[in-house]
Protein chains: 2
Amino acid sequence: MDNQLALLTLCGSIIALLFVASRAQKVLRFPEGNDTMKKISASIHKGAMAYLRRQYKILIGFFAIMFVILFVMAALGLLTWFVPFAFVTGGFFSGLSGFIGMQIATRANARTAAACQKSLNKGLNVAFSAGSVMGFTVVGLGLLDISIWYLLLKLVFKLSIEDITSTMLTFGMGASSMALFARVGGGIYTKAADVGADLVGKVEAGIPEDDPRNPAVIADNVGDNVGDVAGMGADLYESYVGSILSACALGVIAFNKIESVDRVNAVVIPMVLAAVGVLASIIGSLLVKTGESTDQSTLLKALRRGTNTSAIIIAVVAFPLVWFILGKDFIGFYFAILGGLLAGVLIGFFTEYFTSDTYKPTQKLAGKSETGSATIIIGGLSLGMLSTAVPIIIIAVCVMAAYALSGGFIESTRGLYGIALAAVGMLSTLGITLATDAYGPIADNAGGIAEMAGLDAEVRRRTDALDSLGNTTAATGKGFAIGSAALTALALIASYVEKVQEVGGADIALDMSVMNPTVLVGIFIGACLPFVFAALTMDSVGRAAQSIVVEVRRQFKEIKGLMEGKADADYETCVDICTKASLHEMILPTLLAIITPVVTGLILGYNGVIGLLTGATATGFLMAIFMANSGGAWDNAKKYIEGGNHGGKGSECHKAAVVGDTVGDPFKDTSGPSINILIKLLSMVSIVFAALVVNYHIF
Amino acid sequence: MDNQLALLTLCGSIIALLFVASRAQKVLRFPEGNDTMKKISASIHKGAMAYLRRQYKILIGFFAIMFVILFVMAALGLLTWFVPFAFVTGGFFSGLSGFIGMQIATRANARTAAACQKSLNKGLNVAFSAGSVMGFTVVGLGLLDISIWYLLLKLVFKLSIEDITSTMLTFGMGASSMALFARVGGGIYTKAADVGADLVGKVEAGIPEDDPRNPAVIADNVGDNVGDVAGMGADLYESYVGSILSACALGVIAFNKIESVDRVNAVVIPMVLAAVGVLASIIGSLLVKTGESTDQSTLLKALRRGTNTSAIIIAVVAFPLVWFILGKDFIGFYFAILGGLLAGVLIGFFTEYFTSDTYKPTQKLAGKSETGSATIIIGGLSLGMLSTAVPIIIIAVCVMAAYALSGGFIESTRGLYGIALAAVGMLSTLGITLATDAYGPIADNAGGIAEMAGLDAEVRRRTDALDSLGNTTAATGKGFAIGSAALTALALIASYVEKVQEVGGADIALDMSVMNPTVLVGIFIGACLPFVFAALTMDSVGRAAQSIVVEVRRQFKEIKGLMEGKADADYETCVDICTKASLHEMILPTLLAIITPVVTGLILGYNGVIGLLTGATATGFLMAIFMANSGGAWDNAKKYIEGGNHGGKGSECHKAAVVGDTVGDPFKDTSGPSINILIKLLSMVSIVFAALVVNYHIF
């Protein structure tokens, strides 16, 4: 039965990719607007593509080096021969997801603006269709990669099911490395351009946002694409694939000692669940449409109709799925899946609660601007820190429930498999949740183009409505990304433990007690990593922004007539500086993530690595929430003031809030989201290098 | 032999207290200056005492309730009868340390200013003598409490050595609760007054710091005393006693199976080491004197002569101590002690490196003010986060070394005892390190009095030189406080594990593996606590400062002639508001620290508690360093600019740096230091409630 189910997964992936093609065509059928719009859109497209080309060039080097290292390790018998290839395909598909998503996104921005000239619904239609391209490309390519490898290893190479899952897990490392580069590089790009443009343009020169006189304005729009589209695409590809693969790997072990169930069934369940999720997402996304009201709650209802329908379909279909594939004795796993789905929704809701200006916390934060920027900064930091408590409790309950209901207290491996399935459940409707998330930067870009092309105020009002909605859905999307990262990371730690036992065999002295000093020291070092990582990425944004500031100042000074609108700014130099700076800055943090677990392992041994992964997951989860929510709340507090509260735009309160927002920029768009990838990459690297560490370590 | 050694400890404590008396007399022999100075000093003294009285009144209620709870638990057989009494004495002595220290501090401030009228050396002499009162009161009372209880339980009640150490450990909980209340309450007070005074006085009204026209100026000076003196005293009493007691408790277990050594010797070693430390500190502190140069490095050298001499004495004397008491087979413990001492010095050095404006990081941070407050905020946050890496590595190496050299890889309990001894080693010279630390706020107060009383500019220059030096020594002091907190917390977790085994006996199902979901979820919840705690305390400062802002604005508006210096401000109302607000705000965070481990234990069981403590220690350590260093760096970056860099005082850069400093205030003086206590209190509470949790828990 499992081969048919795997084929079903392959079908799911093909359906997703066909849907991508239909959505892409739909987007491209819309007109691009007038010549100015076409020209701006082309500049953004060109800048974004130039960035990606250079980024991929660097990454080809990285992947080539890693390929050689893994190849040598395979030659030494520390890995199977499939691993180097699996690693590369993981990276390739992750990069491809970002590439395709961005191709469409950079073509949809002007079209969205043009469509908004006609009606809000048309605008939503273009933007959301383009977002769907991103969403379904990620799930489609993810399932394609997984199902092809599965069928290949099983039917062609006839590997045992253990070897299949453990090989497949290693292409997760490829996807994670790629994702971290893309997220960090893109995150630095987008925030450096944004901060740099704002610091000189808005603050020093006093010109509005997206003003064509600002030399960094194109770079800013390119940044939205390379950061929020390509970066996010690679990121969620990694999350999606990581959660499925870790569940597959744990499924094999969970049903090791149970004769009534073929272990292969436990491996295909996460894949099939994902495939069903694709169909549910397609149905949901076809339901998204709106009228002419720019009222946020009406718009939100339009999107929620889609996401909720998808979630309900999954919640219903997963039951018979588990029942028939695993049997009624194991229906507890269904509740683990349901728990994951629910936890995702709840974390998303609380993310919105803490960061949306329709709720108390952000409104109160806006009020703190009355006593200046220091108080709004303190307020935002404490809001973010405090907001970690709720998701922690949700995840704690989800983990305990998934573990207990899956029978973890009878057989621990079943509990761990349950946790992994909860992560898959949470991400099963990724197709549509990502579509609602990825359309945001497109609407943002459309607004920029409307501004630069001097379109009607009504158009800008419509794109703003879409953009603002995008912020809300982004908050929900972040909830899913963070929640699933924590669950997947836990599942990956469990996979690492299994891997160590597998490669070490009887010689292994596994002592994962927190009173084992290597574990304890590992926890300390691991807990420190997200802090260091956040610091490095924030610094990178600062340095890159600084170089933009210098360039923009130079252009304002040297290009005569620029401020009067008589001469054109040299956008390309800014784009070029951002590209160079962000690509340069992305390397150190990512290498740190790859090297630390290996070095720690060589010194402290595998027990130390287990500690490291645990510590990094716990603090990483906290830091990701803290930074995302502080940043989101500052952003929306500023918007709340701009909406006419506390003196509105231009008031002292507004100035204070702008400081908060600027601090929040690298928080929420660079450091925070990168940490989600970091915690999984650490585990992935550890798994790939497990044999090395088991054989060579000091303590 | 052990009784003699315990008596030696008692002697050490008496010598310390006699030294306190001599220093106090010395301080009081100095003249208080003119009538204005006397009056200001008296107001500060009165405000501080009023605060303490009211704080102690609330705490008597708390201690009474806890006494009843512990008494009931003792009646139910969950605790021994000594525990409720031990708990109360721990709290009493901790409070007494703060009280005595503050009595002298509030009498030394005007005297320091008066002495500075004569010479810098005289000023240093008064301030440092008053600081010594604080330092030696803490160590004297700590050792008194420990040695009396030890002798009483051993000679009068004839308890077994296990029961003695485990009973004594519980008075650590009293000390820790008291310390947390004092630190949080004092920390909120001092920063609310400081921020409130600055926001209206400096920013809105444009009058200088410490200007007598500012109604919050006395509250600000009171705050230095209740926060930085009384709060710090209670805090370090707790650290000192906690490290010794956890070492004693682990000593019993470490030598359980070794016949050649009487276990009692392992118990007295930490006490004797501390007693030797007292003598070393006295010798060191007698060497502190300086000339007339206000040059920082000359002044620093004067203090360093004292601290270094003390450290060297301990390093030399500890060797024969271990050799003769434990025997040469166990000389490895000496190296654990030495490692702790060294780690303390190194962490102190790096704290200084990251926060002093004589080094690159803070100078660079000051440079970030060029692009405004947002960039200096981002820079400070990332500096603090990045700076966690070095202390983490130092502690990691220290833990591994102490564990390995003590023979932990042969017998794990010996390794844990070694870690505990490292903490004792780090704190052994607390008498003098605390003296160099506590003199800072006295010099700060003296500066305020000099300003308010309109003394000669030369006097202010001298007090400023002393104050500035105080910032450097405070950084070093913080290094010791944070480092010892981490080591002690680890030792306390080990003590908790032993306690669980002791009360649970054979029924216990100890599974401390990080793959046990209760441990894992415990780690998550524990890791979250420092974030929540930091958020709550920062919010408290914000709220309390807000009420001061309102009051100061009211006085400026309603008291006619105040701004012209013709009418007096109503200082007392501000003092009263600060007192009420901070006492009200201190309750929630502290109760959270006491209730969470018990509730977690009742739900997740003792394994969950072990996870909770581990998670809280790891993140707590990181957050404490992050917040202390970010705050310290902002403070000194502002001072660096005030020293004439980047445009100096009043420039745009300076304004940006003031924002950073204001954000840093609650970071470094409220939230950060409280977290050090938090992580130990969590363990202490867990130990006291161990029997309850072992008997009743859900998972």
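Residues numbered from 1 in each chain as written. Chains lettered and ligands numbered in written order. Predicted model: local features only at pLDDT ≥ 70, side-chain atom pairs only at ≥ 80, totals over all residues. Heavy atoms only, no water.

Chain A appears in an unreviewed UniProt entry as Putative K(+)-stimulated pyrophosphate-energized sodium pump from Mediterraneibacter catenae. Quoted straight from UniProt, the Catalytic activity (unreviewed entry) entry for chain A says "Na(+)(in) + diphosphate + H2O = Na(+)(out) + 2 phosphate + H(+)". (UniProt positions renumbered as here; feature names shortened; annotations may be inferred.)

Enquirer: Would you mind going over the relation of the copies chain A and chain B with me for this structure?
Expert: The operation relating the pair of chain copies consists of a rotation about an axis and a translation along that axis. After a rotation of 180° and a shift along the axis of 0.0 Å, chain A superposes on chain B with an RMSD of 0.0 Å. Overall, the copies show the geometry of a two-fold rotation axis. No C-alpha of chain A lies nearer the rotation axis than that of A:Ser513, which sits 2.1 Å from it. (Least-squares fit on C-alpha atoms with pLDDT ≥ 70 in both.)

Enquirer: Just to check I follow, could you spell out the interface of chain A and chain B for this structure?
Expert: With 67 residues of chain A at the contact, the number on the chain B side is 66 residues. Here chain A meets chain B over a buried area of about 5,700 Å², counting both sides, of which 87% is carbon and sulfur. Looking at the side of chain A facing chain B, the largest losses of area belong to A:Met515, A:Phe524 and A:Phe531, adding up to 13% of the total buried there. Linking chain A with chain B are two salt bridges. For B:Asp539, the salt bridge is made with A:Lys368, and the minimal N-O distance between the two is 3.9 Å. Of all the secondary structure elements, the ones that give two or more residues to the side of chain A that touches chain B are helix H11 (373-386), helix H12 (389-405), helix H15 (457-504), helix H16 (517-558), helix H18 (587-642) and helix H19 (652-688) of chain A. When residues in the side of chain A that touches chain B are grouped by element, the largest group, 19 residues, is from H16(A). Of the residues contributing to the side of chain A that touches chain B, the split by class is 52 nonpolar, 12 polar and three charged. (Contact = heavy atoms within 4.5 Å. Buried area = accessible area lost by both parts, 1.4 Å probe. Salt bridge = Lys/Arg side-chain N within 4 Å of Asp/Glu carboxyl O. Helix = DSSP H or I, 4+ residues; strand = E, 2+ residues; numbered from the N terminus. Nonpolar A, V, L, I, M, F, W, Y, C, P; charged D, E, K, R; others polar.)

Enquirer: Would you explain the UniProt feature "site: Determinant of potassium dependence" (unreviewed entry) in chain A in this entry?
Expert: Annotation from UniProt places "site: Determinant of potassium dependence" (unreviewed entry) at A:Ala474. By secondary structure assignment, the location of A:Ala474 is in helix H15.

Enquirer: Explanation requested: the side chain of A:Ser513 in the structure shown.
Expert: If you trace the backbone, A:Ser513 turns up in the loop between H15 and H16. For A:Ser513, a relative accessible area of 12% translates into the label buried. Those residues in contact with A:Ser513 that lie beyond four places of it in its chain are A:Val519, B:Met512 and B:Ser513. (Buried < 20%, exposed > 50% of the residue type's maximum accessible area, 1.4 Å probe, protein only.)

Enquirer: Explain the packing of helix H3 (residues 82-118) of chain A against H15(A) to me, please; I cannot follow it from the model alone.
Expert: Helix-helix packing is characterised by the crossing angle of the two axes and by the distance between the axes. Residue and element names in this part refer to chain A. For the pair H3 and H15, interaxial distance at closest approach is 9 Å and the crossing angle is 120°. In this structure, the crossing between H3 and H15 has a hand that is right-handed. Along its contact with H3, which presents Thr-112, Ala-113, Cys-116, Gln-117 and Lys-118, the element H15 presents Val-459, Arg-462, Thr-463 and Leu-466. Here the residues of the contact of H3 with H15 are counted per class, giving four nonpolar, three polar and two charged. (Axes fitted to C-alpha atoms, helices over the stretch in contact; angles between N-to-C directions. Left-handed = near helix turned anticlockwise from the far one by under 90°.)

Enquirer: Would you explain the nonpolar core in this entry?
Expert: If you look at soluble globular proteins, the nonpolar side chains tend to sit buried side by side. Of all hydrophobic cores here, the largest spans 564 residues; its most connected members are A:Tyr150 and B:Tyr150. Non-local contacts of B:Tyr150, meaning those with residues more than four positions away in its chain, are made with B:Asp2, B:Ala6, B:Ile161, B:Ile164, B:Met168, B:Val264, B:Val267, B:Val268 and B:Met271. (Core = buried A, V, L, I, M, F, W, Y, C linked by side-chain atoms within 4.5 Å.)

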